[in-house]
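Architecture and fold: a report
What follows is the residue order along each chain.
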Amino acid sequence: MEPATAMPASPVPTLQRESTALRARRLAAARRRATALLVGATALFVAVTAAGAHGTLLGYVQAAAEASMVGGVADWFAVTALFRRPLGLPIPHTAVIVERKDQFAGTLGQFVQENFLNADVLAERARSAGLASSLAAWLGDETNAASFAGHAADLVVNVAEALRDEDVQRVLTAELTRAVDAVEVAPLAGRALRVVIAGGHHAELFGTIVSAADRYLGDHHAELRQLFEGEAPRWVPDAVYRRVFDRLYTRLRERLVAMAADPGDETRRQFDAWLAGLPDRLETDPELRERGERLKRDILGSTLLRDWSSELWQKAKDALRTQAADPESELRRRLADVLAAAGRRLGSDRRLADGLDRMIESGVRALVDHFHDELAGLVTGTIERWDAAETSNQLELLLGRDLQYIRINGTVVPEGKLARAGHGVRPRQRRRDTAPTA
């Protein structure tokens with residue numbers, strides 16, 4: 001069978017859905033009409049035959065009634081034989097649908113495969129549909145873009161919920177470990193520190209450290225004095241140690257304040273010099289590099305990374321749920337803006353639209369080439385699983401009303417009926433009694 005030639009898209013009338021009960025009533029009414037016509041033709045034939053067909057007109061009436069009766073019976077047999085055995089008799093080649101359902105399934109599957117699931121047919125259908133232009137017009141509407149963004153956000157949340165937390169955590173931990181393990185810590189820290197120094201941010205670092213130390217002393221005065229007194233010899237009076245501690249404590253805090261306030265402080269200059277040489281040491285000193293790698297391995301091998309990746313995934317899921325549930329969220333608004341912009345771009349850029357159409361056509365061809373056997377098998381397998389008797393009943397409900405008109409036509413259409421009835425209609429001639437001639 002040659003593949004069907006692709007035809008331009010044309011409007012297809014929508015089939016009206018009817019209930020099974022309505023179809024059954026209409027089929028019964030059509031049967032009664034066809035049977036009534038057959039009974040009428042039979043009654044007419046019997047009446048004319050019983051009365052005797054005299055004359056040309058009655059001869060034609062008798063022949064037409066006989067032909068109608070024969071045609072009606074023949075067409076009744078043909079229509080009935082499609083769905084069941086006429087009069088329940090085991091006549092060969094009857095109940096065709098019941099007996100040949102599986103063969104019909106294979107034939108229909110092959111027909112669908114060759115004529116509907118043909119790559120050329122579907123590609124032409126996709127091309128004539130103008131999917132890129134339709135998509136551009138649809139996405140160009142901000143309402144549609146917002147609605148699509150909401151569905152996309154919900155889809156992302158559903159996918160995230162479907163994933164097992166343990167699997168995601170394992171993947172995140174593995175990827176973080178792989179990424180961190182490929183980078184040496186010490187040289188990276190040296191380069192980062194060099195950027196900090198080049199930007200002048202290191203000047204604030206010394207003040208931050210000194211201020212932090214001063215705050216620590218202020219917050220832990222009693223604790224530090226207790227530790228200091230605990231180290232004092234027993235023979236030294238407590239009052240002496242308290243006085244010594246208070247003087248040291250006060251002088252130390254005063255020194256820290258002075259160091260933080262004086263840009264030219266010697267300690268500050270020493271710190272700056274040490275910090276300026278640290279990037280080179282981090283990048284070149286083998287010992288510092290080894291310490292950095294050891295610290296990295298300790299961190300990667302600890303539960304800290306696993307706990308952090310798990311916490312990161314949970315926060316990401318919570319953020320997705322919150323953003324997806326709120327129509328005014330940043331995620332949905334930005335996604336809607338992106339979709340609307342894509343629609344406008346697709347509508348204004350002819351090359352982009354043509355490229356998308358070609359991509360859709362190629363995708364359709366690839367899908368058909370790869371799955372057309374499976375789709376045809378779906379049609380065949382589905383029909384094969386149907387019950388034969390139920391299938392026949394459903395088809396009769398669907399088609400039987402129209403098929404009853406075959407019976408009606410076979411009964412009432414006079415063309416060719418005289419030949420079917422086998423009548424060569426000849427007017428009967430009256431016998432004339434003639435006296436013998438003498």
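Here the structure is a predicted model, which is why all the values come from computation and not from measurement.

Let us now look at the overall build of the protein. Helix and strand content of the protein: 19 helices and zero strands. Counting only residues that meet the buried cut, the protein has 26% of its 438 residues in that class. Long-range pairs, those at least 24 residues apart, make up 75% of the contacts in the protein with a sequence separation of at least 6. When the accessible surface of the protein is totalled, it reaches about 29700 Å², and 60% of it is carbon and sulfur.

Note that predicted coordinates carrying low pLDDT should not be read in detail. Looking at the protein as a whole, its pLDDT mean stands at 77, while 86% of the residues score no less than 70. In this model, residues 1-15 is a region of pLDDT below 50 whose contacts with residues beyond four sequence positions or in other chains number 16 contacts.

What follows covers helix α13 (residues 266-284). Spanning 19 residues, α13 covers 28 Å between terminal C-alpha atoms, matching the ideal 27 Å at 1.5 Å per step. Arg268, Phe271, Leu275, Leu278, Pro279 and Leu282 are the residues of α13 that are buried. The opening residue of α13 is Asp265, an N-cap whose side-chain oxygen sits 2.9 Å from the backbone nitrogen of Thr267.

This brings us to the side chain of Arg332. Residue placement: Arg332 occurs in helix α16 (residues 330-348). Despite being buried, Arg332 has no salt bridge partner; Asp154 is the closest side chain of opposite charge, sitting 5.3 Å away. Residue contacts for Arg332: discarding those within four places in its chain leaves Ala146, Ala149, Gly150, Ala153, Gln323, Ala324, Ala325, Asp326 and Pro327.

Tracing the chain through its elements places Asp387 in the loop between α17 (350-385) and α18 (388-412). Given a relative accessible area of 49%, Asp387 falls into the partly exposed group. It is 9.1 Å that separates the C-alpha atoms of Asp387 and Lys101, two residues lying 286 residues apart in sequence.

With that out of the way, let us pick up the pattern of salt bridges. Taken as a whole, this structure holds 17 salt bridges when the rule is applied. In this structure, the salt-bridge partner of Glu330 is Arg333, at a minimum N-O distance of 2.6 Å. In this pair, Glu330 and Arg333 are both assigned in helix α16, three residues apart and thus about one turn of the helix distant. The class for Glu330 is partly exposed, based on a relative accessible area of 34%. Measuring nitrogen to oxygen at the nearest pair gives 3.1 Å for the salt bridge that ties Arg350 to Asp354. Of this pair, Arg350 and Asp354 both sit in helix α17, four residues apart, which is roughly one turn of that helix. Take Arg350: its relative accessible area is 46%, and that puts it in the partly exposed class. Among the charged side chains, a salt-bridge network with shared partners connects Arg164, Glu166, Asp167 and Arg170.

This brings us to the environment of Leu346. Among the secondary structure elements, Leu346 is positioned in helix α16. Excluding its chain neighbours within four sequence positions, the residues that come into contact with Leu346 are Ala132, Leu135, Ala136, Leu352, Ala353 and Leu356.

Let us look at the packing of aromatic side chains. Under the criterion given, the structure shown has two aromatic pairs. When the ring of Trp138 is compared with that of Phe148, the centres are 6.1 Å apart and the planes differ by 85 degrees; the resulting orientation is edge-to-face. In this pair, Trp138 sits in helix α6 (residues 131-140) while Phe148 sits in helix α7 (residues 142-162), placing the two residues 10 residues apart along the sequence. Note on Phe271 and Trp274: the rings are 6.1 Å apart at their centroids and 35 degrees apart in plane angle, and the pair reads as tilted. Taken together, the positions of Phe271 and Trp274, both in helix α13 and three residues apart, correspond to about one turn of that helix. Overall, the relative accessible area of 45% leaves Trp274 in the partly exposed class.

Definitions and cut-offs
- Residues numbered from 1 in each chain as written.
- Predicted model: local features only at pLDDT ≥ 70, side-chain atom pairs only at ≥ 80, totals over all residues.
- Heavy atoms only, no water.
- Helix = DSSP H or I, 4+ residues; strand = E, 2+ residues; numbered from the N terminus.
- Buried < 20%, exposed > 50% of the residue type's maximum accessible area, 1.4 Å probe, protein only.
- Contact = heavy atoms within 4.5 Å.
- Areas by Shrake-Rupley, 256 points an atom, 1.4 Å probe, with all protein chains shown as cover.
- pLDDT = per-residue confidence, 0-100.
- Expected span 1.5 Å × (residues − 1).
- Polar contact = N/O pair within 3.5 Å; in protein donor to acceptor, adjacent residues only side chain to side chain.
- Lys, Arg positive; Asp, Glu negative; His and termini not counted.
- Salt bridge = Lys/Arg side-chain N within 4 Å of Asp/Glu carboxyl O.
- Phe/Tyr/Trp six-rings, centres within 6.5 Å; stacked < 30°, edge-to-face > 60°.

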